[in-house]
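One-letter residues, chain by chain:
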Number of protein chains: 2
Amino acid sequence: MEIVGRVADVEKLVREARADGRTVGLVATMGCLHEGHLTLLRTARAAHGLVVASIFVNPLQFGPGEDYAVYPRDLDRDAGLAAGAGCDVLFAPPVAEMYPQGLDSMLTYVTVRDITDRLCGASRPGHFRGMATVVAKLFNIVAPDVAYFGQKDAQQVVVVRRMAADLNMNVRIVAVPTVREADGLALSSRNMYLNPAERQAALVLSRALGLAAARLKAGRRDAAAIRKAMGDLVVGEPLAACEYVAVCDPVTLRELDRVEGPALVALAVRIGKTRLIDNLLWEG
Amino acid sequence: MEIVGRVADVEKLVREARADGRTVGLVATMGCLHEGHLTLLRTARAAHGLVVASIFVNPLQFGPGEDYAVYPRDLDRDAGLAAGAGCDVLFAPPVAEMYPQGLDSMLTYVTVRDITDRLCGASRPGHFRGMATVVAKLFNIVAPDVAYFGQKDAQQVVVVRRMAADLNMNVRIVAVPTVREADGLALSSRNMYLNPAERQAALVLSRALGLAAARLKAGRRDAAAIRKAMGDLVVGEPLAACEYVAVCDPVTLRELDRVEGPALVALAVRIGKTRLIDNLLWEG
């Protein structure tokens, strides 16, 4: 595996692989790799001649008061894990490589309206604009045939898919199922912020989703009742503060009245100071 | 020359040319081709194995009350002219091909801030967002090595260059000098809106630029004085209404106090109902 920090270097490696007739898979991450990321890498490895992972804690997608400064960074550890999962090129640029004129002189943004105002977007203004912008940059740098994203960040998948379609980006977006701990907690780099009591309380997210799944399987179709039951369950956990519970259309992210077809059931909960998200896709 | 209306068809033609080792030049137009566009095509022809021209009157970059509905469209005439100038592929999509879900369901925009608020941007809110978005789409569809733009639309060149750099688009932007009538009028598809008296009055734009050039050549450096002299000249033309006169930095588009290096001298003038622009690049 090659570790590169410069845009020109990753572009050169991709060009060479393409000249060899290899296809390119991209896994864009913020590092602090866990089994979820490694599953994305293994999925890409099975499909492509060249697997590129990016590690970039993108300042543009963090709001004031969010955890940009303290977000865990450990390139040596990440490099070992990525190589073990089949990564060929690890692109880990410094901020000045991605924003060479500085953040204040970055004038161009990719904005996706409407769907970015909902769910996580409501409490994280600017987040999806920063995410979409850096993903567009990475797509232009790596020119992947396929980009792999974790279904855990469901809204990210929806926004990236929409951006790629709206802007005719020549890339296929594949969502890979969420990887969970044995007790149900969805893997997230932010789980490491949790103390043992919070770690236990964090199970409220997957439990709420389990409750929704049980109701849907039982034929219950009233979305508001499902949201209410999930919210009540979260409220019953003293260490948890519910930010949102959504039972929405999986493309438009508009809240549903009744679940008559596919639905995205999603929630965001603060456990202490740590904001966690989780979701399930109901196929309908 | 092949005329195609579908994204998939132009992508296929480009892929085949690339497989042959040909490079790709793109000339993005709104049709109603004139000698300015044909110069762009001939410039591309001299440099590339595949020359693609797009003709698309992009509804996203017209404001309410602008000339979207009446903008001249004549594909047969344009096709003959493009073929004669060396175009290989003429991509002329219907609106529904570029915005398949409709304009209201187009959620993604490329926005370039700051430099799009200046000059033409001040009186055409949304114009540069619509232009940047459709140019990003065309870049993704055609994946050109080089895209050619007329220097007549100076701010468009600045915005597209900035977008390409900020988003790591893998394309070189080349500005081709403005083509003029013998009497100095810059070629524009909108010149055809002018009646004979207006056509004569329209010379005030190139005359104002000539006045600026003469002052700069004479060593005059006071930008405000140049703006004032140009504005006075425009005001002296009864059929003309001055929208702006700028003597600005050619990258940031910020107005200059003194012209100590390169400068963009630009103006927009209404002649009757027709809005015309022109500019000169002072190398400093």
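Residues numbered from 1 in each chain as written. Chains lettered and ligands numbered in written order. Predicted model: local features only at pLDDT ≥ 70, side-chain atom pairs only at ≥ 80, totals over all residues. Heavy atoms only, no water.

Draft legend 1. Focus on the environment of Asp9(A). Mapped onto the secondary structure, Asp9(A) falls in helix 1 (residues 7-19). For Asp9(A) and Val259(A), which are 250 residues apart along the polypeptide, the C-alpha to C-alpha distance reads 48 Å. (Helix = DSSP H or I, 4+ residues; strand = E, 2+ residues; numbered from the N terminus.)

Draft legend 2. Inspection of the domain arrangement of chain A at higher detail. Residues and elements named next belong to chain A. When the domains of chain A are assigned, the result is domain 1 (2-176) and domain 2 (189-278). Distance between the C-alpha centres of domain 1 and domain 2: 26 Å. Taken residue by residue, the interface counts 23 residues in domain 1 and 18 residues in domain 2. Summed over both sides, the interface of domain 1 with domain 2 buries roughly 1,600 Å², with 58% coming from carbon and sulfur. For the interface between domain 1 and domain 2, the tally reads two salt bridges. Of the charged contacts in the structure, one is a salt bridge between Arg190 and Asp67, with a shortest N-O distance of 2.8 Å. Linking domain 1 with domain 2 are five residue pairs in polar contact (both at pLDDT 80 or more). When residues in the side of domain 1 that touches domain 2 are grouped by element, the largest group, three residues, is from helix 7 (residues 154-166). (Domains from an automatic or database assignment. Contact = heavy atoms within 4.5 Å. Buried area = accessible area lost by both parts, 1.4 Å probe. Salt bridge = Lys/Arg side-chain N within 4 Å of Asp/Glu carboxyl O. Polar contact = N/O pair within 3.5 Å; in protein donor to acceptor, adjacent residues only side chain to side chain.)

Draft legend 3. Quick peek at the relation of the copies chain B and chain A. After a rotation of 180° and a shift along the axis of 0.0 Å, chain B superposes on chain A with an RMSD of 0.0 Å. Given the turn and translation reported, the copies of this chain are related as if by a two-fold rotation axis. It is Val110(B) whose C-alpha, among those of chain B, lies nearest the rotation axis, at 2.3 Å. (Least-squares fit on C-alpha atoms with pLDDT ≥ 70 in both.)

Draft legend 4. Summary view of the sheet that holds strand 2 (residues 24-29) of chain B. Residue and element names in this part refer to chain B. Taken together, the six strands give an open sheet; going across it, the order is 1-4-3-2-6-7, and neighbouring strands pair in parallel fashion. Each edge of the open sheet is held by one strand with a lone partner, namely strand 1 (2-4) and strand 7 (172-176). On average, each strand axis in the sheet is tilted by 25° relative to the strand beside it, whichever way the strands run. Looking at chain direction, strand 2 and strand 6 (residues 146-150) are connected through three bridges and run parallel. Considered in strand 6, the bridge of Val27 is made with Tyr148. Along the sheet face, helix 2 (residues 35-47) touches strand 2, strand 3 (50-55), strand 6 and strand 7 and points at about 155° away from the line of strand 6. The sheet strands contacting helix 6 (residues 127-142) are strand 2, strand 3, strand 4 (89-91), strand 6 and strand 7, and the helix crosses strand 2 at an angle near 150°. (Pairing = 2+ DSSP bridges. Axes fitted to C-alpha atoms, helices over the stretch in contact; angles between N-to-C directions.)

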